[in-house]
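Topology and contacts: notes
So you can see what is in the structure, the chains are spelled out below.
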Amino acid sequence: MDSFTVLNHSSILAWITFIPLIGMAAVLCVPRTNMSVIKGITYVATFVPLVLATVVYFGYDTNFQGYQYAQEVPWIKLGSFEVFWRVGIDGLSLPLVWLTTILLLVAVPASESVPRLSKAYYALLLLLEVGILGVFISLDYFLFYVFWEVMLLPMYFLIGIWGGPQREYAAIKFFLYTLAGSVLMLVALVAMYLDQGTFSIPQMMAIGKAGGWTGPSLLGMTFTTWVFWFLFIAFAIKIPSFPFHTWLPDAHVQAPTPISVILAGILLKLGGYGLIRACFPIVPHAFTDFAFALGVLGVISIVYGAYVALGQSDFKRMVAYSSVSHMGFVLLGMAALTEFGMKGAALQMFNHGTSSAACFLVVGVIYDRAHHRDLNAFGGVAQPMPRYWALSTVAFFASLGLPGMAGFVSEALTLVGSFQSADTRFQILVLISCLGVVLTAAYILWALQRVFLGPLNEKYKDYKDITGREIFSLAPLLFLCIFLGIFPFYLLDWMDIGVKDLMSILLLGK
Amino acid sequence: MPDTSHLFTSLPTWQWQLLLAVPLIPLVGYVIQIFWGKHLPRQGDWLLTAGMGVVMCITVYMFFIARGHSSGEGYFIAESLRDGFGWDWLHRARPQAEGLSLPTGLMYDGLGAAMLAVVGVVSFFVHLFSTGYMKGDRRYHIFFANISLFTFAMLGLVLSDNILFLFIFWELMGLMSYLLIGHFSQDPTSHRIRQAAAACKKAFMTTRVGDTCLLFGMAMFYFLLPEHFNELVEQGKIHADKIGGTFNFTLLWQRASMVVEANGGAYPIWMTTAGLFIFGGTVGKSAQFPLHIWLPDAMEGPTPVSAMIHAATMVAAGVFLLGRTFPLMSPTVLAVVAAVGGFTALFAATIGCTVFDIKGVLAYSTISQLGFMVASIGCGALGLVAGLFHMVTHAFFKSCLFLSAGSVIHGCHHEQDMRKMGGLRKKMPITFACMLICSLSISGMPLFAGFYSKDRIIAAAFGGLSLNFNGGTFAATVFLPLAACLTTFYMFRLIFMTFFGEPRDHHVDEHAHESPWNMTVAISVLATLGLFGGYFWLMHPTSPLGAHGTWFTEMVDWRTMYPGVDLTRTNLAGMAASVPHAAAHGGSALHEAGAAAEHLAHFYHGFNPHVTAMIASLAVLLIGIALAVQMYLRRKWNPAKVTGALGEGYVWVANKYYIDEAVQATVIRGTIGLAAIQRWIDENIVDGLVLTVGRIGKALGFFSAWFDKHVVDGLVNLVGGLTQAFGSIARLFQSGRIQQYVSFAVAGGILVAAFHLLT
């Protein structure tokens, strides 16, 4: 265990990751007619990781610089080719691990409304959780890549089998697009391994910090530049950043509600997390060279995403594009290369995870009743469904970044942090992204008006208000949106050391 | 950095706790109300109203505490963080963490005390009024919950000690304003359900534009101020330690003024830019031109909401913000502030003269009055105090006017068109009396509250002009008296059309009745404040600066509002080149400021703007009333003929200068058009590229399949076929017959022999 600083060793991360896998095995053993047992197992297999993750969260030492709850066990050994089960968490990954466990638990009751629900659905859902959690805890690039691919497959089937009318198209688009990114990642990974002979992410960071990559230049670009762009594109597809975002709306619109929740809530965060864990600190010099370009991409995502969202007439598509816009803040904040910006970006990932997931749940509620999502065909839904209106208001205003709610803290930190950037051109970027802030209010309020307010469309007058099950899914997310808006230090304190550590690597590259 | 801690007052912990309770009571009330309100007796209105009663008592009590601390000589400003009462918003478990931290606490000073008491009093009476006015509403308990949360936000805003928290509450008020304007947008019995839905969105969107400006301005101050400051420290122009960014008001004031002083009184350009961005927040929230368009539409909300949010409190928050950020404003910014405010005051007043909706008149009147306050602050330090005082008096009389209008509307069965009213004074005597008092007050009738504040504002404008002639002070000087004249005219037009003359609509008149006690009590108390509220101001109208022993000027004095800041060296010095610094160095800042102010007062005596202002304001008052009497009471001049004579100009004004239409045609259509274009680009170009790549891949796949089948496999087949063909030929020779093999051998032998023989 000499490759990286570790506070304590524990197998708890392995348990968190593989309990869903055990659950999946159990689900597969139950006869497919016995749905209640299957659901029960799924609840247990998603609830236990949440409990364990919460234990880890509050047991985490926020003053320690390095990784915690780590584990390192040799996995594959072929001569000098060594792959480890090397896991551990720090302030950057821990909040996302926790977010994953909560969102997967939320997705289970939300799955009730999925048509053609079957045993395989729950099994795949649990497998998906394994893949996602694995990515977040991996400190070995090979392991990281394996989990990255593990996650891809269940998602493909979950969209492709249980999705909307055009599910096959959307699923294939999602799969191929992400796979294209994975291939780039694999190429970079192999190149780096051949260069320095290690898969250990902490070691790679150390090499990057010392400028130790010695690979050859190619076509006038240095080795690290190639590696940087390959990795960046791989993760930018996932974020998704303009112009790699078009798989997202299709995947969202076709995916069933709980899958949209997971897609927006966590899968997009894998992109942002990948950047700060497995791209920027590994090739910090290349990153700082291109930071402004990344900031520009972020701002384009913010403003362009908001404009396109404003132009949508499909409720879910609008929320999907709002994700593009909101995730642009993540890229902008990271590119600014300031502590504020980086913290804002890290916080934005978590907060977008809760608020966008809540928005998709809200859309799912009305879709289950109306079986369409045409914004222009609704009207006055607040009258038969007052509680639904109240909860939707919270969800959408959280997404809008209303001060007092979580999204504001992260957006404000990002904007303020970008303003502070040593590169003064970022001040212009912040000014432009302010336009995105206004447009966000525009599309959200316009959507709320068209769906909920005004005269009631007679078709909807008998709609049942939001049910207990739906509230059960929505309530924890809305609670987090408000709670973290008032007490942001419950995340920021945890992220503090991790971000500072990261910044020390990135700024050395300057 | 000079030590200014001795300028701060320390409050005991129990007082801080009391102040903290002020916003928390309505917050707790909200939580109870939203979850259980429907099941409480009377849907919980008594609970929230009683809670607000407690809040009112605390705020008034604390007002007197603050009053006790203000002697007219020293400073009164207290920060809870200095008394160990506060928290760090961004850090808790790691207080030692550097960089990202935001210590947050309460701030209580004279301005805060006055504003807090105003909000507490007005909120309580609006709650009380609502228990009558909103009776029978379908979403009664939600209404109370929302208005309670709004009160929480407003009280929190007043108590915030840093601009970020001010902004948080600011936006939260925006949300509550959105929900309350849209109150009827979910009520199927309302006939204006569609308009309410549009109005609430418009209000939030328009203010959001200003809010984003404010956020950007805050970010500029947070980062550029320390950058500039530290630069000056390095150059040795400021003798202090290097600093980090801050949102804290007192630190911002001190550091900004140190930077300005180190620059020799000149404001750096970035500070002007940042100041303009911050003023953008005021323009949005306080409905100044050109972002005023949301406020008239906001009248779709229930009348108590209009009284509280859109007259007394939330819209005044923009003015409050100017008061809180005044030392950050460069003279250029102030000139813009004065120009925008002055223009808005006159512009809105002209529209107010043409509106027939009783609430519409009051809405434009509010915009106009906010313009007065803003313009006044733009005219410099004296105007600042006058503008803030107008904010207080306006809160009383305008909330009373709105509630009285609500009482009229309630009595007339939700009729809002003044053309259908008339002669109501006999049927609604209390309402009439209250409305008359407050109309006189807003018109600036001597001895009424509005007189003191409005007269001050006009004096400040005249004084500002004489000290420093610029576009802003000129606009204020020209526009404000005209606007004051129109104010009187439209208010008396309202009074005469509503309460005098003969009933114009039989149906309305038949239903008209006085409102129940809870409504009349509320308007009576507010009318009393609208009458006597002016006595918080000084009683010596001839000495503009030297007055002592009065309430407001001692609590809110530009010399002592900003500890450690000498406005004569920054804002005021920039505006009055003729005012030398009283004492070059040494002596307390207050003393210096006081001396400079004395000098200023002396300067004033040469041309006493106050006397001129009083003459002017009385003159415009009389003209306004006379016009209204002629047109609407005695009906000597037929209004229809007058408007006809005004021709196109009248049409232009009556259509609100077509600004809504212009915004609709440009900003809104432009945005939606851009959105549609970008959607098209996204679907056809960005995604088109992706699909093209996909299609190319697919085509390559098909081509490969074809190639594989026909070329690659064809080659294989060819090889196979050739082999086979060769085999079939060779097979002919493999007959198995010995004779044939022998004959081949012989033939071969002959061939070989022949070859040898021939060569």
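Residues numbered from 1 in each chain as written. Chains lettered and ligands numbered in written order. Predicted model: local features only at pLDDT ≥ 70, side-chain atom pairs only at ≥ 80, totals over all residues.

**A word on the overall build of chain B**
So the rule is basically this: Numbered from the N terminus, helices here are DSSP runs of H or I no shorter than four residues, and strands are runs of E no shorter than two. Only C-alpha atoms enter the radius of gyration, while the globule expectation follows 2.2 Å times N to the 0.38, with N the number of residues. The exposure label follows from counting other C-beta atoms within 10 Å of a residue's C-beta, where the C-beta atoms are placed from the backbone and the thresholds are 20 or more for buried and 12 or fewer for exposed, leaving partly exposed in between.
The helix and strand tally for chain B stands at 27 helices and four strands. Relative to its length of 759 residues, chain B is extended, with a C-alpha radius of gyration of 38 Å against a globular reference of 27 Å. Taken over the C-alpha atoms alone, chain B extends approximately 150 × 75 × 55 Å along its principal axes. Per-residue burial for chain B yields a buried fraction of 56% across its 759 residues.

**A few points about the overall build of chain A**
Put simply, the test is: Throughout, a pair of residues is in contact if the C-beta atoms placed from their backbones lie within 7 Å.
Scanning chain A from terminus to terminus reveals 18 helices and two strands. Taking 24 Å as the expected radius of gyration for a compact globule of 510 residues, we find that chain A reaches 22 Å, a close match to that expectation. Each principal axis of the C-alpha distribution contributes one length, and for chain A these read about 70 × 60 × 40 Å. Taken over 510 residues, chain A has a buried fraction of 63%. Taking the contacts inside chain A whose residues are at least 6 apart along the sequence as the reference set, 80% of them involve residues at least 24 apart.

**What about helix H3 (residues 94–110) of chain A?**
For the record, the criterion: Take the number of residues in a helix, subtract one, and multiply by 1.5 Å to get its expected span.
Compared with an ideal rise of 1.5 Å per residue, which puts 17 residues at 24 Å, H3(A) spans 25 Å between its outermost C-alpha atoms and is within 8% of the ideal. Most of H3(A) sits inside the fold, with 16 of its 17 residues counted as buried.

**Examining the interface of chain A and chain B**
Short version of the rule: Under the convention adopted here, Pro, Cys and the residues Ala, Val, Leu, Ile, Met, Phe, Trp and Tyr are nonpolar, Asp, Glu, Lys and Arg are charged, and Gly plus all remaining residues are polar.
At the junction of the two partners, chain A supplies 43 residues and chain B supplies 43 residues. Mapped onto the side of chain A that touches chain B, the elements with two or more residues apiece are helix H11 (284–310), helix H13 (339–370), helix H15 (406–419), helix H16 (425–452) and helix H18 (489–508) of chain A. Per-element accounting of the side of chain A that touches chain B gives the leading share, 10 residues, to H16(A). Here the side of chain A that touches chain B is built from residues that sort into 29 nonpolar, 10 polar and four charged.

**Looking at the nonpolar core**
The tendency in soluble globular proteins is for nonpolar side chains to be buried as a group. Here is the rule we go by: A set of buried residues drawn from Ala, Val, Leu, Ile, Met, Phe, Trp, Tyr and Cys, joined through C-beta atoms within 7 Å, is what defines a nonpolar core.
Ranked by size, the top nonpolar core spans 459 residues in total, and within it Leu231(A), Ala358(A), Met173(B), Ala219(B) and Leu480(B) carry the most contacts. In terms of residue count, helix H6 (residues 193–234) of chain B provides more of this core than any other element does, 22 residues in total. If sequence neighbours within four positions are ignored, Met173(B) has contacts with Phe150(B), Ala153(B), Met154(B), Leu157(B), Met314(B) and Ala317(B).

**Structural notes on the packing of helix H15 (residues 429–443) of chain B against helix H17 (residues 471–499) of chain B**
Residue and element names in this part refer to chain B. Which entries qualify depends on this criterion: The convention used is that axes are lines fitted to C-alpha atoms, helices contributing only their stretch in contact, and that angles between N-to-C directions extend from 0 to 180 degrees. Roughly parallel means an angle under 35 degrees; roughly antiparallel, over 145; roughly perpendicular, 65 to 115; everything else is oblique. For a crossing to be left-handed, the near helix must be turned anticlockwise from the far one by less than a right angle; the clockwise case is right-handed.
Here H15 crosses H17 at 165°, and the two axes come no closer than 9 Å. Classed by the angle they form, the pair H15 and H17 counts as roughly antiparallel. As for how H15 packs across H17, the hand of that crossing is left-handed. Taking contact as the criterion, the partners of Phe432, Met435, Leu436, Ser439, Ile442 and Ser443 in H15 are, on H17, Thr487, Thr488, Met491, Phe492, Ile495 and Phe499. For the contact of H15 with H17, the per-class residue count stands at eight nonpolar, four polar and no charged.

**A closer look at the confidence of the model for chain B**
Residue and element names in this part refer to chain B. Under the convention used in this document: pLDDT measures the predictor's confidence residue by residue and takes values from 0 up to 100.
In this model, chain B carries a mean pLDDT of 83, and residues with pLDDT of at least 70 account for 91%. Note on residues 539–548: pLDDT under 50 across the span, and 17 contacts to partners over four residues away in sequence or across chains. The low-confidence segment residues 573–593, where pLDDT is below 50, has 38 contacts with residues more than four positions distant or belonging to other chains. Predicted complex metrics record ipTM = 0.87 and pTM = 0.87.

**Examining unusual backbone geometry**
All names here are of chain A. Residues isoleucine 239 and proline 240 are joined by a peptide bond in cis, for which omega reads -15°. As for its position among the elements, proline 240 is in the loop between helix H8 (223–238) and helix H9 (247–254). Not every positive phi belongs to a glycine, and tyrosine 69 is a case in point at roughly 50°. With 24 C-beta atoms packed within 10 Å, tyrosine 69 lands in the buried category.

**Details of the packing of helix H1 (residues 13–36) of chain B against helix H2 (residues 45–69) of chain B**
Each pair of packed helices can be described by the angle between their axes along with the distance between the axes. All names here are of chain B. Packing of H1 against H2 brings their axes to within 10 Å, and their N-to-C directions diverge by 165°. The orientation of H1 with respect to H2, classified from their angle, is roughly antiparallel. In this structure, H1 crosses over H2, and the sense of that crossing is left-handed. On H2, the residues touching Gln15, Leu18, Leu19, Ala21, Val22, Ile25, Pro26, Gly29, Ile32 and Gln33 of H1 are Leu47, Leu48, Gly51, Met52, Val54, Val55, Ile58, Thr59, Met62 and Ile65.

**Looking at the environment of Arg86(A)**
Residue and element names in this part refer to chain A. Within the element layout of this structure, arginine 86 appears in strand E2 (residues 81–89). Taking the C-alpha atoms as reference points, arginine 86 and histidine 371, 285 residues apart in sequence, are found 46 Å from one another. Discounting residues that sit within four places of it in the chain, arginine 86 has contacts with Glu72, Leu139, Asp140, Leu143 and Ser200.

**A look at the environment of Gly271(A)**
All names here are of chain A. Here glycine 271 is to be found in helix H10 (residues 257–278). Counting along the chain gives 78 residues from glycine 271 to methionine 349, while the straight-line C-alpha distance between them is 9.9 Å. In contact with glycine 271, not counting residues within four places along its chain, are Phe235, Ala236, Lys238, Ile239 and Pro240.

**Regarding the pairing of strand E1 (residues 68–78) of chain A**
Residue and element names in this part refer to chain A. Applicable threshold: Strand pairing requires that DSSP identify at least two bridges connecting the strands.
Relative to E2, E1 runs antiparallel, the two being bridged by eight bridges. Looking at the pairing, valine 73 lines up with tryptophan 85 of E2. In sequence, E1 turns back onto E2 through a hairpin of two residues, with glycine 79 there showing a positive phi of about 65°.

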